[in-house]
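This is what each chain is made of:
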Amino acid sequence: MGWFQLVPGGDPTLRVIQRSINADWSSVIGVQPCEGVMSRNTALSLIGCLQGALNLQTWIPDLTSVVFGPATQSAFSQHPLYEGCSEPALVKIAKYALYFYGVGQTEFSSTFTIGMRLNVVNFQKEYGLTGLDGVVSGQIHLTTMMSLLTSRGNPNRSCTGGDTSQILSRQMCDNLKAAGYNVIGRYLTGTVGVGAAERPKYLTPEEIGNIQDAGLSVFPIYQNGGYYADYFKISGRGSYDAVTALRTAAVLGFPEETVIYFAVDFDCMSYQTESLIIPYFRQIANAFRQAAFNPKNYKIGIYGPREVCRQISAEGLAEYSFVADMSTGFSGNLGFPIPSNWAFDQFDEFTFGPSPAFPLDKVAVSGRDGGARKNDVGGSVTTAEMLQEARSKFTRRVLSALGFTARKRIDFEFEVGEQVLPPVSSGGLIIYPSIKETVTVPFGQDDRSVISVNTLDGQLDVNLTTTVAEIQDVCDSNSISVDLSAMLKNISYAIRSGAMKYTYTINSDGSATFDISIGTDDLQSVEGVPGSIGIVLSMNVKFTDSKAYEWITESEKQKYAIAAMTCLVLLPITNPVLVEQAKIVLVKIVEILSFGKLVLQRSRKNE
């Protein structure tokens, strides 16, 4: 909603500009709000005014449609602005833009003054334009004007930096160096594309060698999501991302104090920055402060829209900013100055040649972060070691979701093999647990009792959401104070892409053995390294109460119930659950887990 008087917190100088724009250009762009608040319309109005001044438009009904396109570029190229020029309308528009972008322009006459010239010089320096082809210090030609009116500026301007999802061969690196590039941003983990087009995007020791041997430096980016708001709502996401990034950067041999850029790659509103992004980066900062996680004192960077980068940096949560200026429609870019700590400024994407061609983003470089020119790889980090690290991460995350971190009983750094855990006594039961880690998924794909999980996009699928709600409803209706839905969700988010299976065996001595098997053959999507991993949490249950043993023999469902009770007992429950109540609830839970919507569908004839 637009207002026409200064609102609380509004900028009086900005309101002067908004009223002047209305006075001069309402016949072309309509009457715009003048409340002293930078909005999408206020930012876009300058392009509309420019097109009106250049006689390209006589009426613009919707400012969201305006762009600084080829026609506008061609027309403005005939009207450069400089001290003493006779372009009153264009000079005022440029002065407004200089104020928007934080250079200190507060005089808005139609004359190109010496003060304006000094402000243009400062703008060109701050935005990395000084010395570029077509840029004259203190004058406004096309490249400077495009940077004043759009976040990306002139996409055809030269630069010395780039970033890409392409794994770079030595030939590609040599071609980049020959084309004038000096620093390249690359991803620490993950994949890009979907389906048959999916491919890895993560750095390898071999690629780092290719980059640095060609005379380039490399700066690391962490993005395994971050392109939608709900990604940042996941509990503990910042901590997990921080530890993953720190471990991967260390394995790849990045030198001390390297800056790792964490991505906020969506049109983030101010309220979302406050409620989601700042808490996310606080979790990252907490992990980075711990020497156990960050012995090399790596620094935090942010990739995102201008205003998001500024707010995170103002909170002391980012050393440098990698600005997503290519996304000109992001609200956090429109009309906002570039953050003062910007190190990299992404402004265009194209296909880089010569052969072999690959997609490349053009990145302006401020010089604040030179990237890493020499990593400590030297053959010491092998693909096998990277795979083992990925398996260890998966294991730690899954065990944490099962509740073992809270009990502090497990050293998560165990190698592939089996680890026996201390027994647990509760409710007439003694449980003897053990954990086994395998290099392959511990069940077959066609096993009817396997529960498929895919939460790579940060969402539970419809079937899983429904079933989790049903399970929790059973607990709630029986007054059981256990948040089982949170447990199942946490496990699903920990697996990300894989499956789990619940099995039981009634032994000859009357004990029961219950296994929770979890695994993935898609570590590439989960941890950024191709491979597979399996975890089997095995629990042998013995009875200290003869009555408890009697009811397990009554039906098949009650056999399942003992298995589910075992799982429940091992979880870090704060409120004790009575055994008689648990029997009712757990039978229902196991019915759903074993026979309901989570199970892979069998053919009708087998049902």
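Above this text sits the structure in question.
In this convention, every chain numbers its residues from 1, walking through the sequence in written order. The predicted nature of this model means local features are confined to residues of pLDDT at least 70 and side-chain atom pairs, given and counted, to a pLDDT of 80 or more, with totals for whole chains, interfaces and linings taken over all residues. Here the side-chain values reflect all heavy atoms present in the structure, with hydrogen atoms and water set aside.

### What to know about unusual backbone geometry
Argument step 1. G353 connects to P354 through a cis peptide bond whose omega is 5 degrees.
Argument step 2. Unlike most non-glycine residues, N55 shows phi in positive territory, near 60 degrees.
Argument step 3. Along the chain, N55 turns up in the loop between helix 2 (40–53) and helix 3 (70–76).
Argument step 4. One non-glycine residue with positive phi stands out, namely N297, at about 55 degrees.
Argument step 5. Mapped onto the elements, N297 comes out in the loop between helix 10 (270–288) and strand 7 (299–304). Secondary structure counts use DSSP, requiring at least four H or I residues in a row for a helix and at least two E residues in a row for a strand, with both numbered from the N terminus.

### Thoughts on the nonpolar core
Argument step 1. Counting residues in each nonpolar core, the largest one holds 109 residues, and the members touching the most others are I140, M145, F254, F262, I277 and F281.
Argument step 2. Throughout, a residue-residue contact means that at least one pair of heavy atoms, one from each residue, lies within 4.5 Å. When neighbours within four sequence positions are excluded, F281 is seen to be in contact with F262, V264, I300, G301, I302, I312 and L317.
Argument step 3. Residues belong to one nonpolar core when they are buried, are Ala, Val, Leu, Ile, Met, Phe, Trp, Tyr or Cys, and are joined through side-chain atoms within 4.5 Å. Any residue under 20% of the maximum accessible area for its type is buried, any over 50% is exposed, and the rest in between are partly exposed; the area is computed with a 1.4 Å probe on protein chains only. A390, A512, V526 and V529 belong to the second-largest nonpolar core, a separate cluster that totals 31 residues.

### Considering the sheet that holds strand 1 (residues 161–163)
Think of a sheet as strands paired side by side through backbone hydrogen bonds, with each pair either parallel or antiparallel.
Argument step 1. A barrel is described by the order of its strands in space; here eight strands give the closed sequence 1-2-5-6-7-8-9-10, paired in mixed fashion. Taking the axes of each pair of neighbouring strands and ignoring which way they run, one obtains an average angle of 30 degrees across the sheet.
Argument step 2. In this scheme, strands are said to pair when DSSP sees at least two bridges between them. Where strand 9 (residues 342–352) meets strand 10 (residues 358–365), eight bridges bridge the pair, whose relative direction is antiparallel. Paired with Q346 across the two strands is V363, which belongs to strand 10.
Argument step 3. Taken strand by strand, helix 7 (residues 170–178) contacts strand 2 (183–187), strand 9 and strand 10, and its axis lies near 40 degrees from that of strand 10. Note on definitions: angles span 0 to 180 degrees between N-to-C directions of axes, and those axes are lines fitted to C-alpha atoms, for helices only across the stretch in contact.

### Observations concerning helix 7
Argument step 1. Burial in helix 7 covers these residues: M172, C173, N175 and L176. Angular distribution of buried residues about the axis of helix 7 spans 160 degrees; they occupy a single face of the element.
Argument step 2. Buried residues belonging to helix 7 abut strand 2, helix 8 (205–213), strand 9 and strand 10.
Argument step 3. Just beyond helix 7, the residue with positive phi is G180, at close to 100 degrees. The directions from the helix axis to the C-beta atoms are what the arc is built from.

### Structural notes on the pairing of strand 8 (residues 320–323)
Argument step 1. Looking at chain direction, strand 7 and strand 8 are connected through four bridges and run parallel. In the strand pairing of strand 8, I302 is matched with S321.
Argument step 2. Following the backbone out of strand 7, through helix 11 (residues 306–314) and into the adjacent parallel strand 8, one traces a crossover that is right-handed.
Argument step 3. Bridge count for strand 8 against strand 9 is three bridges, and the pairing is parallel. Bridge pairing in strand 9 links S321 to W342. Note on handedness: a clockwise path from strand one over the helix to strand two, with the strands aimed away from the viewer, defines a right-handed crossover.

Function cannot be inferred from these measures alone, as they are strictly geometric.
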